[in-house]
Amino acid sequence: MSEAHKTRFVEKALLVHPEGQYPLLQSIHSFGLTHDIQLIDVTEDEFLSQPGYYMDQAEHVVALVTDQSVRDYIELAKTLNFSLGFVPLHKGLMLTQWFKLPTKTDAAIRLALENDPEALDILRCNEEIVLGTVSVGQTPFLKQQNSAYLQRNQSSWRFLLYWLALFWSSVLTLFSIRVMPVTLSTARKQGIRTAITGLVAFENDLQGGAARLLDTSLSAQDARFSAIVIAPKSIVQYIAFLLATLGRRRRSLQRLPQAVSYIKADRLLIESAQPIKFYLDGKPRKADKICLDMYPRAVRVNLSDAYHAMHQASNDNKDTMRIENLPQNEARVANIARRLPFFTHALEEDFKEAFVQLRDNATTSPDYIALMMLSTMVAALGLFVNSAAVIIGAMILAPLMAPLVSAAMGLLRGERQLLLQSLRTIGVGIGLSLTTAAVIARIFPIENITPEISGRLQPAILDLGIAIACGVAGAYAYARSSVMRSLPGVAIAVALVPPLCVVGIGIGWWRLDMVMGAGLLFVTNLIGVIGAAVVTFMVLGYAPVQRAKRGLLVTALSMVVIAIPLSVSFFGMYQHWQIERDVAQREFEVLQQRVQLVNVQVSVSKDLIHIRAESLGREPLSLEQGEALKAELESQWQRSVTLELGHRLKI
C-alpha cells in the first residue's frame, strides 16, 4: 500500500465506545482534529439498540472493541453495509492476532480512520460469526487459547515446556478418546459417513496450530475456509499424529499424517445422531448439526499491511478435498465408533490379496520341492568349498520363508487349516533338505569342517534378534505389496537353509555336535521368524488382540524356551572372548623372561580351558617356563588349563 493511500482518511465517522473510555476517546478525538475528521460519539449500548438511526449520520464506524463485542459490529456492517475500523480496548486480544492490528494505540487509531476498507470474507457457524476457529471434539496441539501456546516461539525453552505440557495432557487422554460417528457434506460432495475424534475449522487464524500444520497457501480472502479433520483408526495412529504435530515443520497436503484429512470449501455440514459439543472462538456450544458457511466479501474493514501480506485475495471456485485418510468403510466406522482399538484393524478388503497369497504359499507345490532341493544342494556345496557367495545364492533360491510367514498368519488368527498346511509344507522342506545334505555329505570324499560350517555351530541370543528382525520384515513385505521386492534381502538375512544343511551334513558324518549346534540355530531362526511375524501381523491389524491371545501365548513361550540355550551359548562366547582378550593383551613374566602370546584360540569345557597360541620373542619358551605360565593362568582363572604353544621369532 502506497504512502498516499496511508494518509487518506475518512471525512466523517461514528465513534462507538463502551462507557468509561475517556483517555482513549481523547486520543482518538485529538487525531481527528489533527486530520480534519468529524467524529460523532455514540455509546455502544445506544448504537447496538438503534444502528439504523445512527448510520444515517456516517458511513464509517470506528469501534472500540474486545474479542467478544467485535462480532456484533461485523454482523451489523454486513447488514447495513457500512465500513469498519477497529481500536482494541486491551492488549493481547486474539482480535489483534487474527486481523494483524497494530499493537500500539496510535497506529491502531490511524488504521481505523483510514479511508481504504477491504472487502472481507465472513465465516458463519450455525449463523454465528466465526473470527478464529471452530473446534469439535478432541483437538490436541491445535488449540491456542492459552498463554503457553502464544509464548511457545519466544524461545526454545518455552517451546519445550509447551511441547511437554501438551504432550503429557494428550497422553493422559489416550485411552478415553471419544470417537464420533458423523456425516460430512460440502457443496460438491455429499454424505461422507465417517468417524472422527476432532475437527478444527478456521478462517482468519492462520497462525494457529491447525494452520501451522499445513504447508499450503491459505488466505482469509479466497472465498473458502479450511478444516483439519482428525480421524485416527487406532490409538497407535493417534499417537503418530500427536508426534507429527509436535514439530515445527509443516506437512504437505500430499503427505498428511494418516490420522489427518483436509477440507477447503465454502460450505461444510457436520451431522451426528447425538448432540456434539464444540467451541466457537473458545466459547462452548452444543448441537447435533454444525453448519459452516462462507460469505465472500461480506463486510468492509480497514486492514493493515501485515494482513494484506498474509492474505492474498483470490477466488478460484475450487474445493480441496484430501479425505483419503478418513475411515469411510461401514465396518471400520462401526468398529472404531464403539471403541478406538489400540492397533489399526485390517479389513477383509485390506488383506484379501495377501491372505490368498499366504494360502498359496502354505501348499507343497512341485516348484517348492524343486527349489528346496536345489537350494540345499547349492548351500551344501558352498559350505564344503567355503564360499560365502555360493551360500548367499542358495539363500535367495530357498522358498522356506513363505510357509513360515503363512504359519504365522494361521497361528495369529487361529486358522487351523492354514497353520497345519503351513507346518506340513515346512516339514516337507526340512525333510528334503536334511536328506539331500546328508546324501551329499556321504558322497563328498573329504570330511572337513570349513569356517562356513563352523560359523553355524555356536548360535547365540544375537541370532534370535536377527531372526526376529527378519520375521518382522518378512511379514511386513507380505502385508505391503509395495515392499515385496525386499523379500530376497530378508531371505539372505535370516539364512534358513545353510544351518539346515549343516544339520544334514552332521547326520551324514554321524556328528552329534554338528547336529545339535546347527539344529539350535535353525530352530532359533524358525521360532524367531514365526514369532516376529505373528506380532507384526497383529500390529498391522490382521487380528484383534482378543483373537490373537492363543497365538501370542504360544509365541511368547517358544521365545522363552529357545532363549534359554541361546543365553547359555552367549555366556560361553562371552567367556571365550574375555579369556582371549586377557591373554592377548597381557605381557607375562615367567622365570625372568617377558612373554607375549599372539594368535590366541580358546576353547572352554566344564572344568578345563584349552589355549592354543604362539609366544612372541627372541627365544622359544622352555618346558619350565611353559609350566610356570600354565600355573599362573590356572591361578588367575581357578580352573585347569592346557597349553599348546608355538613360537614366533621376534628380532
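Note that this is a predicted model, so its numbers are computed, not measured.

A.B. asks: Help me understand the nonpolar core, please; the structure alone is not making it clear to me.
C.D. replies: A general tendency of soluble globular proteins is for nonpolar side chains to be buried together. The biggest cluster of nonpolar side chains holds 58 residues, and the ones touching the most others in it are Leu412, Ile530 and Phe537. Elements supplying a minimum of two residues to this core: α14 (348–361), α15 (366–384), α16 (388–397), α17 (401–413), α18 (416–443), α20 (461–479), α22 (497–509) and α23 (512–539). Examining the composition of this core, we find that ten residues originate from one element, α23, more than from any other. The residues contacting Leu412, other than those within four sequence positions of it, are Val534, Phe537, Met538, Tyr542, Ala543, Arg547 and Ala548. Counting residues in each nonpolar core, the second largest holds 35 residues, with Leu14, Val70, Met94 and Leu95 among its members.

A.B. asks: I would appreciate a short explanation of α23 in the present structure.
C.D. replies: Compared with an ideal rise of 1.5 Å per residue, which puts 28 residues at 40 Å, α23 spans 40 Å between its outermost C-alpha atoms and is within 8% of the ideal. Most of α23 is tucked away: 20 of the 28 residues are buried. Of the residues one or two after α23, Gly541 is the one with positive phi, at around 95°.

A.B. asks: What exactly am I supposed to notice about the packing of α20 against α23 here?
C.D. replies: Packed helices, taken two at a time, are described by the angle between their axes plus the distance between the axes. Here α20 crosses α23 at 45°, and the two axes come no closer than 7 Å. What the angle tells us is that α20 and α23 run oblique. Taken as a pair, α20 and α23 cross one another with a handedness that is right-handed. Taking contact as the criterion, the partners of Asp463, Leu464, Ala467, Ile468, Gly471, Val472, Ala475, Tyr476 and Ala479 in α20 are, on α23, Leu521, Thr524, Asn525, Gly528, Val529, Ala532, Ala533, Thr536 and Phe537. Counted by class, the contact of α20 with α23 contains twelve nonpolar, five polar and one charged residues.

A.B. asks: Teacher, can you tell me more about the confidence of the model for the chain here?
C.D. replies: If pLDDT is low for a region, its predicted coordinates should not be looked at in detail. On average, the chain scores 82 in pLDDT, and the residues at 70 or more come to 85%. Throughout residues 1–5 the model reports pLDDT below 50, and contacts reaching past four residues in sequence, or to other chains, amount to five contacts. Counted against residues more than four places away or in other chains, residues 144–150, with its pLDDT under 50, gives 17 contacts.

A.B. asks: How should I be thinking about the pairing of strand β8 (residues 180–186) in this particular structure?
C.D. replies: Within a regular strand, side chains alternate between the sheet's two faces. Extensive coverage of β8 is indicated by the burial of six of its seven residues. As consecutive antiparallel partners, β8 and strand β9 (residues 192–196) are separated by five residues, and within that stretch Gly191 has a phi angle of approximately 60°, a positive value. Judged from the four bridges that link them, β8 and strand β13 (residues 267–280) form a sheet pairing that is antiparallel. Bridged to Thr183 within β13 is Glu271.

A.B. asks: Can you walk me through the pattern of salt bridges in this structure?
C.D. replies: Pairs can form between side chains of opposite charge whenever their charged atoms are close. Applying the stated criterion across every chain, the model contains 16 salt bridges. A salt bridge links Asp319 to Arg224, with the nearest nitrogen and oxygen atoms 2.9 Å apart. Placement of the pair is Asp319 in the loop between α12 (305–310) and β15 (320–322) and Arg224 in the loop between α10 (209–212) and β11 (225–230), with a sequence separation of 95 residues. For the residue pair Asp319 and Arg224, the accessibility class agrees, reading buried in each case. The shortest N-O distance in the salt bridge between Glu415 and Arg359 comes to 3.4 Å.

A.B. asks: Is there a simple way to explain the environment of Pro257 in this structure?
C.D. replies: Within the secondary structure layout, Pro257 lies in the loop between α11 (235–246) and β12 (260–265). You can call Pro257 buried: its relative accessible area is 11%. Along the backbone, Pro257 and Ala244 are 13 residues apart, and their C-alpha atoms lie at a distance of 6.9 Å.

A.B. asks: Looking at this model, I keep getting lost on the packing of aromatic side chains. Mind explaining?
C.D. replies: For any two aromatic rings, the description comes down to two numbers: the centre-to-centre distance and the angle of the planes. Using the criterion set out here, one finds nine aromatic pairs in the structure. Ring geometry for Phe9 against Phe31: centres 5.4 Å apart, planes inclined by 80°, an arrangement best described as edge-to-face. Placement of the pair is Phe9 in the loop between α1 (3–6) and β1 (12–17) and Phe31 in helix α2 (residues 22–34), with a sequence separation of 22 residues. Plain terms: the ring middles of Phe99 and Tyr307 are 6.2 Å apart, the flat faces sit at 35° to each other, and that makes the pair tilted. With Phe99 in the loop between α6 (94–98) and α7 (105–112) and Tyr307 in helix α12, the pair connects residues that are 208 residues apart, well separated along the chain. Every member of this aromatic cluster is reached through a ring pair, and the members are Phe47, Tyr73 and Phe82. Lying over the aromatic face of Tyr295, Arg124 brings its terminal NZ or CZ to 5.5 Å of the ring centre.

Quick notes on the rules
- In this convention, every chain numbers its residues from 1, walking through the sequence in written order.
- Per-residue local features are limited, in this predicted model, to residues with pLDDT of at least 70; the limit for side-chain atom pairs, both in listing and counting, is 80 or more; totals at the level of whole chains, interfaces and linings are taken over all residues.
- Side-chain measures were taken over the full set of non-hydrogen atoms in the model, leaving aside hydrogen atoms and water.
- Side-chain atoms within 4.5 Å link the members of a nonpolar core, which is a set of buried Ala, Val, Leu, Ile, Met, Phe, Trp, Tyr and Cys residues.
- The rule is simple: take the accessible area with a 1.4 Å probe, protein chains only, and divide by the maximum for that residue type; under 20% is buried, over 50% is exposed, in between is partly exposed.
- A run of H or I in DSSP becomes a helix once it reaches four residues, and a run of E becomes a strand once it reaches two; helices and strands are each numbered from the N terminus.
- In this description, contact between two residues means that some pair of their heavy atoms is separated by no more than 4.5 Å.
- Working rule for helices: expected span equals 1.5 Å times residues minus one.
- Every axis in this analysis is a line fitted to C-alpha atoms, fitted for helices over the stretch in contact. Angles between the N-to-C directions lie between 0 and 180 degrees.
- Just so you know how the angles are binned, under 35 degrees is roughly parallel, over 145 roughly antiparallel, 65 to 115 roughly perpendicular, and the rest oblique.
- Left-handed describes a crossing in which the near helix is turned anticlockwise from the far one by less than a right angle; the clockwise case is right-handed.
- Note on residue classes: Ala, Val, Leu, Ile, Met, Phe, Trp, Tyr, Cys and Pro are nonpolar, Asp, Glu, Lys and Arg are charged, and everything else, Gly too, is polar.
- Each residue carries a pLDDT score, the predictor's confidence in it, ranging from 0 to 100.
- What makes two strands pair is DSSP finding at least two bridges between them.
- Salt bridges are defined as contacts in which a side-chain nitrogen from Lys or Arg sits within 4 Å of a carboxyl oxygen from Asp or Glu.
- Pairs were defined over the aromatic rings of Phe, Tyr and Trp, the Trp ring being its six-membered one, requiring ring centres within 6.5 Å. Orientation was assigned from the angle between planes: stacked under 30 degrees, edge-to-face over 60, tilted for the rest.
- A ring has a charge above it when a Lys NZ or an Arg CZ is no more than 6 Å from the ring centre and no more than 35 degrees off the ring normal.

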